[in-house]
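A closer look at the structure
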Amino acid sequence: GENVEQHPSTLSVQEGDSAVIKCTYSDSASNYFPWYKQELGKRPQLIIDIRSNVGEKKDQRIAVTLNKTAKHFSLHITETQPEDSAVYFCAASGGSTLGRLYFGRGTQLTVWP
Amino acid sequence: KAGVTQTPRYLIKTRGQQVTLSCSPISGHRSVSWYQQTPGQGLQFLFEYFSETQRNKGNFPGRFSGRQFSNSRSEMNVSTLELGDSALYLCASSKVGRGNTGELFFGEGSRLTVL
């Protein structure tokens, strides 16, 4: 099956700086790569996703890049704010599997004011 | 539109007991999946149901089982509980077919503590 590796496990940045979280995947058939944000004590929520036919996608301060050849994708958050502090999970899925995402182990992002 | 609802939110059991967790998906969502979340391990896939059929199963022992009802509500059961089963169990629902973006909508989870 798919194996998703995520780095770093913890990340601390100053407010206003950028944050980058990287993930690699093993299954070349994977074609959908979402990122979920989980605030303390809350449910994971989708913040951005990308499909294998696109190399980059942006949504305001958040962007995701995908390199299919190298099998890695990254989350970029610019102009970080304290409310960006949370655990971020990358995930991958492919084929016709419904509802099955392979998640990375998560990155605890802390933004210091 | 109501979100994914999970019950109970918290429960404490002792080793050897069994537990049943319930999940009501978003109205119109017919796929329900379950994940186990533990510190340091992230979210690990348990199983996924669609049309009352288990379509995918993760690498968990047979003590973990589930089912889905005709109204798409789902339950998961863990028998002969072990200390290592202590975790947050998350249910997620998603659309099927037209309108399916791939997004999973998670419930707030059922936090199980095994003593």
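Preceding this paragraph is the structure being described.
The model shown is predicted, which means the values in this text are computed figures rather than measured ones.

1. A few points about the overall build of chain A
Counting its secondary structure elements, chain A contains zero helices and eleven strands. Along the chain direction, N to C, the helices and strands of chain A fall in the order β-β-β-β-β-β-β-β-β-β-β. The C-alpha radius of gyration of chain A comes to 13 Å, within 12% of the 13 Å expected for a compact globule of 113 residues. Summarising its shape, the C-alpha atoms of chain A cover approximately 40 × 30 × 20 Å along the three principal directions. Split into buried and exposed, the 113 residues of chain A put 42% on the buried side. Of the contacts made within chain A by residues no fewer than 6 positions apart, 54% connect residues no fewer than 24 positions apart. The positive charge centre, built from 12 side chains, and the negative charge centre, built from 12, are 7 Å apart in chain A.

2. Quick notes on the side chain of Gln6 of chain A
Residue and element names in this part refer to chain A. By the element assignment, Gln6 lies in strand S1 (residues 4-7). A relative accessible area of 7% places Gln6 in the buried class. A polar contact is formed between the side chain of Gln6 and the backbone nitrogen of Cys90, at a distance of 3.3 Å. A distance of 3.0 Å separates polar atoms of two side chains, one belonging to Gln6 and the other to Thr107. Sequence-distant contacts of Gln6, that is, excluding residues within four places in its chain, are made with Ile21, Lys22, Cys23, Trp35, Tyr88, Phe89, Cys90, Gly104, Arg105, Gly106 and Thr107.

3. A word on the nonpolar core
Ranked by internal contacts, the top residues of the largest apolar core, which has 22 residues, are Tyr25, Phe33, Trp35, Phe73, Leu75, Tyr88 and Leu109 of chain A. Elements that contribute at least two residues to this core include exactly strand S2 (10-14), strand S3 (19-25), strand S4 (30-38), strand S5 (45-51), strand S7 (62-67), strand S8 (72-77), strand S9 (86-94) and strand S11 (107-112) of chain A. Membership of the second largest hydrophobic core comes to 21 residues, among which are Trp34, Tyr49, Phe60 and Phe64 of chain B.

4. Points about the sheet that holds strand S7 (residues 64-68) of chain B
Adjacent strands of a sheet pair through backbone hydrogen bonds, lying either parallel or antiparallel. Residue and element names in this part refer to chain B. Spatially, four strands are ordered S1-S3-S8-S7 in an open sheet, and the strand pairing comes out antiparallel. Of all the strands in the sheet, the pair left with one neighbour each is strand S1 (5-7) and S7. Direction aside, the axes of adjacent strands within the sheet are offset by 15° on average. Here three bridges tie S1 to strand S3 (residues 19-24), and the two strands are oriented antiparallel to one another. Bridge pairing in S3 places Thr7 opposite Ser22.

5. Overview of the state of the cysteines
Scanning the model with the defined rule gives two disulfides over all chains in all. The residue that forms a disulfide with Cys23 of chain A is Cys90 of chain A, at a sulfur-sulfur distance of 1.9 Å. Taking the sign of the S-S torsion, -100° for the link of Cys23 of chain A and Cys90 of chain A, the bridge is left-handed. With Cys23 of chain A in strand S3 and Cys90 of chain A in strand S9, this pair connects stretches of sequence that are 67 residues apart. Look at Cys23 of chain A and you get buried, because its relative accessible area is 1%. The residue that forms a disulfide with Cys23 of chain B is Cys91 of chain B, at a sulfur-sulfur distance of 1.8 Å. Between Cys23 of chain B and Cys91 of chain B, the S-S dihedral sits near -60°, and the bridge is therefore left-handed. Here Cys91 of chain B lies in strand S9 (residues 87-94) and Cys23 of chain B lies in strand S3, a separation of 68 residues in the sequence. The exposure class of Cys23 of chain B is buried, given its relative accessible area of 0%. Among the residues examined, Cys91 of chain B registers a relative accessible area of 0% and is labelled buried.

Each value, and the rule that gives it
Residues numbered from 1 in each chain as written. Chains lettered and ligands numbered in written order. Predicted model: local features only at pLDDT ≥ 70, side-chain atom pairs only at ≥ 80, totals over all residues. Heavy atoms only, no water. Helix = DSSP H or I, 4+ residues; strand = E, 2+ residues; numbered from the N terminus. Rg over C-alpha atoms; globule rule 2.2 N^0.38 Å. Buried < 20%, exposed > 50% of the residue type's maximum accessible area, 1.4 Å probe, protein only. Contact = heavy atoms within 4.5 Å. Lys, Arg positive; Asp, Glu negative; His and termini not counted. Charge placed at Lys NZ, Arg CZ, Asp CG, Glu CD. Polar contact = N/O pair within 3.5 Å; in protein donor to acceptor, adjacent residues only side chain to side chain. Core = buried A, V, L, I, M, F, W, Y, C linked by side-chain atoms within 4.5 Å. Pairing = 2+ DSSP bridges. Axes fitted to C-alpha atoms, helices over the stretch in contact; angles between N-to-C directions. Disulfide = S-S within 2.5 Å.

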